[in-house]
Amino acid sequence: MMQEGRPLDFMRARLQALREAQLHRRLRPELGSSEPWLERDGRRLLNLSSNNYLGLATHPALKAAASQASERYGCGSGSSRLIAGSSDLHAELERRLAHFKGSESALLFNSGYVANVGVITALVGPGDLILSDALNHASIIDGCRLSRATCKVYPHNDSDTVARLLAEARSSGQYRTILVVTDSVFSMDGDIAPLGDLIALCRQYGALLLVDEAHATGCLGPGGRGLLAAVACDDEGVIAVGTLSKALGSFGAFVAGPALLTDYLVNVARPFIFTTALPPPVIAASLAALTLLEEQPVLVERLQANAAYLRRGLQALGFNTLTSSTHIVPVLVGDAGLALKMAARLQDYGVLAVAIRPPTVPAGMARIRASVMAVHERSDLDFALEAFERVGHELELLR
């Protein structure tokens, strides 16, 4: 017999379980959340939690471009791209992005999440196989699930396992299409995928490779063009997803690859077909960001120099930064409750660095995720290191 109760009791029970496991989250308003320093509850805090890696989200050029576009085109696109929402601005940004990534063409999506779901579900389905890195972003995981293809998760950055799985899949003759999918920079560990190995394996076994460059676009590779550009890949079976919402300081995402791919996605990718187009002010801001990046590649160098400085400083103090080699610098804590305490104490000392807990990371792998910006000053990073040292000793994380 079914138990009686109020209709939303299942929500109350789940939220209570999250609170007891130190996994409950809530939204908090910020002032200046994209700036190197922000204001929370009337206090000024050093911002080590933004993905505005190059500091472009508040750049005058982006704000001016968005304002001018709103005056000319209005604030919204009004319909999907295939109805009446495709403007000359959209076409220009796609042309610029294709050139930026060294691809034949590019296609805009409304977010990185939507792009991954849209591309994966368009490329594979029942009867196909996906090989997915164990630490891939949630949008990739959901795209794999929604595709209804067989999905095998391989250990993080384990090219040997990918080689074995590809060999077994091809010898079985069971699958029509095989897709290998990976982040290029992993957003919680700050390490990078072995793209050279994966490209070679996919070429050998006739598999597609989808690389999510969300945290590499504008941050790594020649001129900030990403890690695929760093390995000089021009295979038609390699597809890049990038975002406009992190280093480029705007919003939205794109897929870059051969013209055949974008033609296919326009006709098959449901999240593209059935979504209102990105607003013109957003497109204009993204165009301005690309121009700034092309004119000031030193921003990429400054970002990575800041990251290396913070990472070396944390390691010298005795913190475990895992295998980070990028602008994302994790500090492993382990216990979710302890990570929350550390984040709270860091905030007491003027540093906003968020605790990352399951399910975003595996159980027992809670951490503080620090992300630096090109516009942080060296004195800002010294301030952060002093706060980490004090909190590390207070919580007995450092000897």
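Note: the structure precedes this text.
Predicted, not measured: the structure shown is a model, and the values here were computed from it.

Q: I'd like a description of unusual backbone geometry, backed by residues and values.
A: Here the bond from Pro-358 into Pro-359 is cis, since omega is 10°, no more than 30 degrees from zero. Mapped onto the fold, Pro-359 is located in the loop between β12 (354-356) and β13 (366-371). One non-glycine residue with positive phi stands out, namely Asn-157, at about 60°. By relative accessible area, which is 23% here, Asn-157 ends up partly exposed.

Q: I'd like to hear about the layout of surface pockets, residue by residue, with values.
A: Which parts of space are left empty comes out when a probe the size of a water molecule is rolled across the atoms. Size it by volume and the largest pocket reaches roughly 1,500 Å³. Looking at the lining of the largest pocket, the elements with two or more residues in it are β1 (37-40), α4 (112-123), α13 (336-348) and β12. The dominant element in the lining of the largest pocket, judged by the number of residues it contributes, is α13, at four residues. Split into classes, the residues belonging to the lining of the largest pocket amount to 16 nonpolar, 19 polar and ten charged. When its volume is computed, the second largest pocket comes out at roughly 370 Å³. Lining the second largest pocket are 17 residues; nearest its centre among them are Lys-101, Gly-102, Ser-103, Cys-233 and Asp-234. Broken down by secondary-structure element, the contributors of at least two residues to the lining of the second largest pocket are α8 (227-230), β8 (238-243) and β9 (253-257). Taken together, the residues of the lining of the second largest pocket sort by class into eight nonpolar, three polar and six charged.

Q: Which residues make up the packing of helix α12 (residues 298-317) against helix α14 (residues 378-394), and what are the values?
A: For the pair α12 and α14, interaxial distance at closest approach is 10 Å and the crossing angle is 25°. Taken as axis vectors, α12 and α14 run roughly parallel relative to one another. Seen along the crossing, α12 lies across α14 with a hand that is right-handed. Between α12 and α14, the residues in contact are Ala-305, Asn-306, Tyr-309, Leu-310, Gly-313, Leu-314 and Leu-317 and Arg-378, Leu-381, Asp-382, Leu-385, Phe-388 and Glu-389, respectively. Taken together, the residues of the contact of α12 with α14 break down into eight nonpolar, two polar and three charged.

Q: Quick rundown of the packing of aromatic side chains? Include the residues and the values.
A: Under the definition given, this model contains three aromatic pairs. With a centroid separation of 5.9 Å and 75° between ring planes, the pair formed by Phe-319 and Phe-388 is classed as edge-to-face. Within this pair, whereas Phe-319 is found in the loop between α12 and β10 (328-334), its partner Phe-388 is found in helix α14, the two being separated by 69 residues in sequence. Above the face of the Tyr-309 ring, Arg-378 is positioned so that its terminal group lies 4.1 Å from the ring centre.

Q: Account for the pattern of salt bridges, naming residues and giving values.
A: Enumeration according to the criterion identifies 13 salt bridges in this entry. The shortest N-O distance in the salt bridge between Glu-168 and Arg-164 comes to 3.2 Å. Placement of the pair is Glu-168 and Arg-164 together in helix α6 (residues 159-172), with a separation of four residues, close to one helical turn. Using a relative accessible area of 38% as the deciding quantity, one classes Glu-168 as partly exposed. In this structure, Arg-345 engages Glu-394 in a salt bridge whose closest nitrogen and oxygen atoms are separated by 2.9 Å. A residue pair is termed long-range when its members are at least 10 positions apart, and Arg-345 in helix α13 and Glu-394 in helix α14 qualify at 49 residues.

Q: Account for the nonpolar core, with residues named and values stated.
A: Counting residues in each nonpolar core, the largest one holds 93 residues, and the members touching the most others are Met-342, Leu-346, Ile-368 and Phe-388. If one sorts the elements of this core by residue count, helix α11 (residues 280-295) sits on top with ten residues. Sequence-distant contacts of Ile-368, that is, excluding residues within four places in its chain, are made with Val-329, Pro-330, Val-331, Val-333, Ala-339, Met-342, Ala-343, Leu-346, Ala-353, Val-354, Ala-355 and Phe-388. Val-119, Ala-122, Val-181 and Leu-265 belong to the second-largest nonpolar core, a separate cluster that totals 24 residues.

Q: Quick rundown of the sheet that holds β13? Include the residues and the values.
A: Reading across from one edge, β10-β13-β12 is the order of the three strands in this open sheet, with antiparallel pairing throughout. The outermost strands of the open sheet, each flanked by one partner alone, are β10 and β12. Neighbour-to-neighbour, the strand axes of this sheet turn through a mean angle of 30°, independent of strand direction. With six bridges joining them, β10 and β13 adopt antiparallel strand pairing. For Ile-328, the partnering residue across the bridge sits in β13 and is Ser-371. With respect to the sheet, α13 is in contact with β10, β12 and β13, its orientation differing from that of β13 by roughly 35°.

Q: Any details on empty space enclosed by the protein? Residues and values, ideally.
A: This structure, assessed with the given rule, holds one cavity of 30 Å³ or more. In this model, the largest cavity occupies a volume close to 80 Å³. For the lining of the largest cavity, the elements supplying multiple residues, two or more each, are β3 (105-109) and α10 (270-273). Split into classes, the residues belonging to the lining of the largest cavity amount to seven nonpolar, four polar and one charged.

Each value, and the rule that gives it
Residues numbered from 1 in each chain as written. Predicted model: local features only at pLDDT ≥ 70, side-chain atom pairs only at ≥ 80, totals over all residues. Heavy atoms only, no water. Helix = DSSP H or I, 4+ residues; strand = E, 2+ residues; numbered from the N terminus. Buried < 20%, exposed > 50% of the residue type's maximum accessible area, 1.4 Å probe, protein only. 1 Å grid on protein atoms, 1.4 Å probe; cavity = no way out; pocket = protein on both sides within 12 Å on 5 of 7 lines; lining within 4 Å. Points joined across faces, edges and corners; volume = space filled by probe spheres on them. Nonpolar A, V, L, I, M, F, W, Y, C, P; charged D, E, K, R; others polar. Axes fitted to C-alpha atoms, helices over the stretch in contact; angles between N-to-C directions. Parallel < 35°, antiparallel > 145°, perpendicular 65-115°, else oblique. Left-handed = near helix turned anticlockwise from the far one by under 90°. Contact = heavy atoms within 4.5 Å. Phe/Tyr/Trp six-rings, centres within 6.5 Å; stacked < 30°, edge-to-face > 60°. Lys NZ or Arg CZ within 6 Å of the ring centre and 35° of its normal. Salt bridge = Lys/Arg side-chain N within 4 Å of Asp/Glu carboxyl O. Core = buried A, V, L, I, M, F, W, Y, C linked by side-chain atoms within 4.5 Å. Pairing = 2+ DSSP bridges.

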